[in-house]
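Structure at a glance
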2 protein chains.
Amino acid sequence: MADEKPNGSGAPGGPPAGDRLTYEDSGVDYDRIDPLKVLAQRAARATGANLERAGAHTGVREVAASRGESAYVVDIGDAYLASITECLGTKALVADAMREVQAESGVSRVSGPPVSKALGRTWYDHIAQDTIATAVNDLVTVGARPLSIHAYWAAGSSDWFDDTERMNDLVDGWKAACNVLGVAWGGGETPCLTGVVEEGAIDLAASCVGIIRPKSRLTLGEDLAAGDAIVLLESSGIHANGLTLARKLSERLPAGYATVMPGGRKYGEALLDPTVLYPPVTEAAFEAGIGLRYIANITGHGWRKIMRHPGPFTYRITEVPPVPEVLQFMVEETRQTAEEAYGSLNMGAGFALFVRPEDGDAAVACAEAQGIRAWVAGVVEDGPRQVVMEPLGVTLSGESLALRD
Amino acid sequence: MADEKPNGSGAPGGPPAGDRLTYEDSGVDYDRIDPLKVLAQRAARATGANLERAGAHTGVREVAASRGESAYVVDIGDAYLASITECLGTKALVADAMREVQAESGVSRVSGPPVSKALGRTWYDHIAQDTIATAVNDLVTVGARPLSIHAYWAAGSSDWFDDTERMNDLVDGWKAACNVLGVAWGGGETPCLTGVVEEGAIDLAASCVGIIRPKSRLTLGEDLAAGDAIVLLESSGIHANGLTLARKLSERLPAGYATVMPGGRKYGEALLDPTVLYPPVTEAAFEAGIGLRYIANITGHGWRKIMRHPGPFTYRITEVPPVPEVLQFMVEETRQTAEEAYGSLNMGAGFALFVRPEDGDAAVACAEAQGIRAWVAGVVEDGPRQVVMEPLGVTLSGESLALRD
């Protein structure tokens, strides 16, 4: 609950305001949500002492340094446990809308054969993977290996369950992602919450438990140092952040989600490319003995997440990965500045590894062995907390990322 | 996701159908939801092998016998981990409605002073406890000690967050319940899901991780035997199951939630008595060396949950705890038979411990030392799987509880 607020994005000298559409315009008002986050963070922090009190006879205590990081860590003696709950957000609404758009034959699926039907494919196998990715990609940033996942699928009405194809896709996609990750799908909740969830809609979330063993795998950033290499891992597209903006944009495109982008793909279809699952890369990196100093999942604040670590470091980016067409399209259509775009979307880099200076190439090799492109994209320097994107001539300031109360 | 379907409740010789309102009438159609549950359970079970495959070099494996139980269990070597995700359901709608009813001064709070305001108290401290209780009361049935809780609070619109008193109550109640339980509030998600969650509403859920150490605490029922004592623990009221029925009933009461029951309390106020937190009882029982053979949380199927264990046992109930006024009121107003009522509501017993024959009284003492009334209410017998409620002359058949695929 620490990380959803983009604090301002002022764009002096940016494009004219006419057709622009920024993250702030897209409808979610973080200034109103933040007080609850702060209240909850403070109250939650105070409960950490509960474990220490009880720990005298059970050998458990919280790892207080994990508060403010992407997963919560408890020391159970010979290992650490990490846990997290994350939700998909509003991406299911895109899948529902795209189902109305006649799908082209031969669209790739997470599992099973290509589908071509009058109603179009459901895309729920893709958003199942997205939902799991939101949880596990955060969980592994503290060095955890994911063990089990619980599903939380809350529908707004009983008739949600009448669509057998959609249910099958959701289940198949969820299972397929668990198999890729080597985790157990432990169970879940599938309530029908009429009056709470909108009729016809579904609220998808996942919780995940992981283990950090040996304990030396714990990655909270205390060793991050000037000179460390910044390795960026490719994203597949928008992942699960920025969807409110993407939906707003679809409303003003004449053909909506069916709009064909310059490369020939439909906008809505490209939005639904499933989020990359990064845990196989972190597992491979730990097994290869790569010195992981810090790990950041690039989600809700775009590249501002590169400076997620609280220390006084400047992150100098010298190589910028290619931008997925769907993000390039969104940025152009909404007339965002580079600062706005990189400050709110992943722009082609969905995950960042911060490694010992000599381990950059090995980290890239680990990712590419898992089929995920990666780049030694920059270096950590002593200096004011900011991300300097040299090829773009843009700097994201530390004040624009307030993750910790 | 194993346990929300009440399979039929036929009431031959019951009251006339005119003003009756049964669980089946109340709107949630489990026959439509069940196919997804079955699909998900099968797919989830198949992923258990993922841990065993990876376990060769990490020492983890699933405890397959926990599938179908109330929490999922993973063996990590020197301990077991248990995990769960549960949601509140629709009880927040009752809190929202009751806020419109002028609260009487002096209503007890989980924390803080009594409140008396024009708008009425928010009750969100109570439903915070309910949400946590749904998760932890399930988690401890496998013998786990709860360690950490994540909050999932998904609002339908940014203006949900404008009500400072309600936010404070939610946070305070959540924290207070964590303190009672001795668990750490690890974090959570507070998304705004416009278009998914209804405007003005909030979807409340909790995930919980627990540890089972020593491993001998694992309680999956393999030792349950004829002669074991059934100890029932009091409920505080409706808890978090049966709220859809309760809401339907309020619609046809002339004064709705403001209806004053014979004892003088408002119907809606009594519905919002927070769910009992049972983990302090199970902790005390383990510490006291009581032989816990099986544990059942009495939730969605009422007393049918007493026969949650899959074995060929008859559960003979010889003492029936007093029924909380709000449940008695509901049963009378909806003209339910005893079979329907005990088959869907907790009717005064929110939790069941199955203990060695000689440990019944000690288990009762453990509960009462935690301020929770308890009764040695019956005995486990060899026989067809059913619950025989002798004082009521009613039997709940095993076929009416299908929790396992």
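All of these numbers come straight from a predicted model, not from anything done at the bench.

**Here's the deal with the pattern of salt bridges**
Residue and element names in this part refer to chain A. Tallied over the full model, the rule gives 44 salt bridges over all chains. In this structure, E269 and R265 form a salt bridge, with 3.3 Å as the shortest nitrogen-oxygen distance. Here E269 falls in the buried class, since its relative accessible area comes to 10%. With relative accessibility at 30%, the residue R265 sits in the partly exposed group.

**Details of the relation of the copies chain B and chain A**
When chain B is fitted to chain A, the residual RMSD is 0.0 Å, and the transformation amounts to a turn of 180 degrees plus an axial shift of 0.0 Å. The transformation relating the two chain copies, once decomposed into turn and shift, fits a two-fold axis. No C-alpha of chain B approaches the rotation axis more nearly than that of V197 of chain B, which lies at 2.1 Å. Looking at chain B, 100% of its interface residues are interface residues in chain A too, so the copies touch through the same face.

**Quick word on the packing of aromatic side chains**
Per the counting criterion, the structure on display carries 23 aromatic pairs over all chains. Centre to centre, the rings of Y294 of chain A and F354 of chain A are 5.8 Å apart; their planes meet at 50 degrees, and the pair counts as tilted. Here the residue Y294 of chain A occupies a position in strand β8 (residues 292-297), and F354 of chain A occupies one in strand β10 (residues 349-355), the gap between them amounting to 60 residues. Just as Y294 of chain A is buried, F354 of chain A falls in that class too. On the basis of an interplanar angle of 80 degrees and a centroid distance of 5.2 Å, the ring pair of W153 of chain B and W174 of chain B is categorised as edge-to-face. In this pair, W153 of chain B is assigned in strand β4 (residues 145-155) and W174 of chain B in helix α5 (residues 164-181), connecting sequence segments 21 residues apart. Residue class for W174 of chain B comes out buried when judged on its relative accessible area of 0%. A connected cluster of aromatic rings, assembled from ring pairs, spans Y124, W160 and F161 of chain A. The residue whose ring lies beneath R121 of chain A is W123 of chain A, and the NZ or CZ to ring-centre distance is 4.6 Å.

**What about the side chain of T141 of chain A?**
Residue and element names in this part refer to chain A. Mapped onto the secondary structure, T141 falls in the loop between α4 (124-139) and β4 (145-155). Only 2.7 Å separates the side chain of T141 from the backbone oxygen of D138, close enough to count as a polar contact. Contact partners of T141, with chain neighbours within four places excluded, come to S70, T219, I295, A296, N297 and F351.

**Topic: the sheet that holds β10 of chain A**
Residues and elements named next belong to chain A. The strand order across the open sheet built from 7 strands is β8-β10-β7-β11-β9-β12-β13, with neighbouring strands paired in mixed fashion. In this open sheet, the two edge strands, each paired with only one partner strand, are β8 and β13 (394-397). The sheet shows a mean angle of 25 degrees between the axes of neighbouring strands, direction not considered. This element, helix α8 (residues 279-287), spans β7 (229-234), β8 and β10 of the sheet and lies at about 180 degrees to β8.

**Concerning the pairing of strand β5 (residues 184-189) of chain B**
Each regular strand displays side chains that alternate between the two surfaces of the sheet. Along β5 of chain B, 6 of the 6 residues are buried, which leaves the element largely enclosed by surrounding structure. Running through α5 of chain B, the crossover from β4 of chain B to the neighbouring parallel element β5 of chain B is right-handed.

**Focus: the packing of helix α3 (residues 91-100) of chain B against helix α4 (residues 124-139) of chain B**
All names here are of chain B. For the pair α3 and α4, the least separation of the axes is 10 Å and the interaxial angle reads 170 degrees. One way to sum up the angle between α3 and α4 is to call them roughly antiparallel. Across the interface between the two elements, K91, A92, A95 and D96 from α3 touch Y124, I127 and D130 from α4. Broken down by class, the residue content of the contact of α3 with α4 amounts to 4 nonpolar, no polar and 3 charged.

**Observations concerning the interface of chain B and chain A**
The partner chain A presents 83 residues to the 83 residues of chain B that form the contact. Summed over both partners, the interface of chain B with chain A buries about 7,000 Å², with 62% contributed by carbon and sulfur atoms. On the chain B side of the contact with chain A, R32, L36 and V196 of chain B bury the most area, a combined 10% of that side's loss. Along the contact surface separating chain B from chain A lie 2 salt bridges. Between D162 of chain B and R32 of chain A there is a salt bridge, and its shortest N-O distance comes to 2.5 Å. Our count for the chain B to chain A interface comes out at 26 residue pairs in polar contact (both at pLDDT 80 or more). Among the secondary structure elements, those contributing two or more residues to the side of chain B that touches chain A are α1 (30-46), α2 (48-55), β2 (72-75), β3 (80-87), β4, α5, β5 and β6 (202-212) of chain B. Sort the elements by how many residues they give to the side of chain B that touches chain A and α1 of chain B lands first, with 10 residues. Along the lines of polarity and charge, the residues of the side of chain B that touches chain A split into 42 nonpolar, 24 polar and 17 charged.

**Some thoughts on unusual backbone geometry**
Most of the time, phi is negative for any residue but glycine, and the peptide bond is trans. Geometrically, the link from R213 of chain A to P214 of chain A is a cis peptide bond, its omega value of 0 degrees lying close to zero. Note on placement: P214 of chain A falls in the loop between β6 (202-212) and β7. With phi around 55 degrees, R335 of chain B is a residue other than glycine that occupies positive phi space. Along the polypeptide, R335 of chain B turns up in the loop between α9 (325-333) and α10 (338-344). If you check the backbone angles, M347 of chain B has positive phi at about 50 degrees while not being a glycine.

**Observations regarding α4 of chain A**
The end-to-end C-alpha distance of α4 of chain A is 23 Å, a good match for the 22 Å that 16 residues give at a rise of 1.5 Å each. Of all bends in α4 of chain A, the biggest is about 30 degrees, found at A133 of chain A.

**What about empty space enclosed by the protein?**
Residue and element names in this part refer to chain A. For the structure shown, the criterion picks out 9 cavities of 30 Å³ or more. Empty space within the second largest cavity amounts to approximately 100 Å³. Along its surface, the second largest cavity is lined by 15 residues, and H239, N241, T275, N297 and T299 are the ones closest to its centre. Among the elements that take part in the lining of the second largest cavity, α4 stands out by supplying 4 residues, more than any other. Of the residues contributing to the lining of the second largest cavity, the split by class is 5 nonpolar, 9 polar and 1 charged.

**Focus: the confidence of the model for chain A**
Residues and elements named next belong to chain A. Scored by pLDDT, chain A comes out at a mean of 90, with 88% of its residues at no less than 70. Per-residue pLDDT stays below 50 along residues 1-17; that stretch engages in 47 contacts with residues further than four places along the chain or on separate chains. Contacts for the low-pLDDT stretch residues 104-117, under 50 throughout, to residues beyond four places or in other chains number 29 contacts. Our summary of model confidence lists the complex with pTM equal to 0.92 and ipTM equal to 0.91.

**Describing the pairing of β4 of chain B**
All names here are of chain B. Among the 11 residues that make up β4, 11 are buried, leaving the element largely enclosed by the rest of the structure. Relative to β6, β4 is paired through 10 bridges, and the arrangement is antiparallel. The residue of β6 that forms the bridge with S148 is V209. In this structure, β4 lies alongside β5, joined through 5 bridges in parallel fashion. By the bridge assignment, I149 is partnered in β5 with W185.

What counts, and at which threshold
Residues numbered from 1 in each chain as written. Chains lettered and ligands numbered in written order. Predicted model: local features only at pLDDT ≥ 70, side-chain atom pairs only at ≥ 80, totals over all residues. Heavy atoms only, no water. Salt bridge = Lys/Arg side-chain N within 4 Å of Asp/Glu carboxyl O. Buried < 20%, exposed > 50% of the residue type's maximum accessible area, 1.4 Å probe, protein only. Least-squares fit on C-alpha atoms with pLDDT ≥ 70 in both. Contact = heavy atoms within 4.5 Å. Phe/Tyr/Trp six-rings, centres within 6.5 Å; stacked < 30°, edge-to-face > 60°. Helix = DSSP H or I, 4+ residues; strand = E, 2+ residues; numbered from the N terminus. Lys NZ or Arg CZ within 6 Å of the ring centre and 35° of its normal. Polar contact = N/O pair within 3.5 Å; in protein donor to acceptor, adjacent residues only side chain to side chain. Pairing = 2+ DSSP bridges. Axes fitted to C-alpha atoms, helices over the stretch in contact; angles between N-to-C directions. Right-handed = clockwise from strand over helix to strand, strands pointing away. Parallel < 35°, antiparallel > 145°, perpendicular 65-115°, else oblique. Nonpolar A, V, L, I, M, F, W, Y, C, P; charged D, E, K, R; others polar. Buried area = accessible area lost by both parts, 1.4 Å probe. Expected span 1.5 Å × (residues − 1). Bend = angle between axes of the 7 residues up to and from the residue. 1 Å grid on protein atoms, 1.4 Å probe; cavity = no way out; pocket = protein on both sides within 12 Å on 5 of 7 lines; lining within 4 Å. Points joined across faces, edges and corners; volume = space filled by probe spheres on them. pLDDT = per-residue confidence, 0-100.

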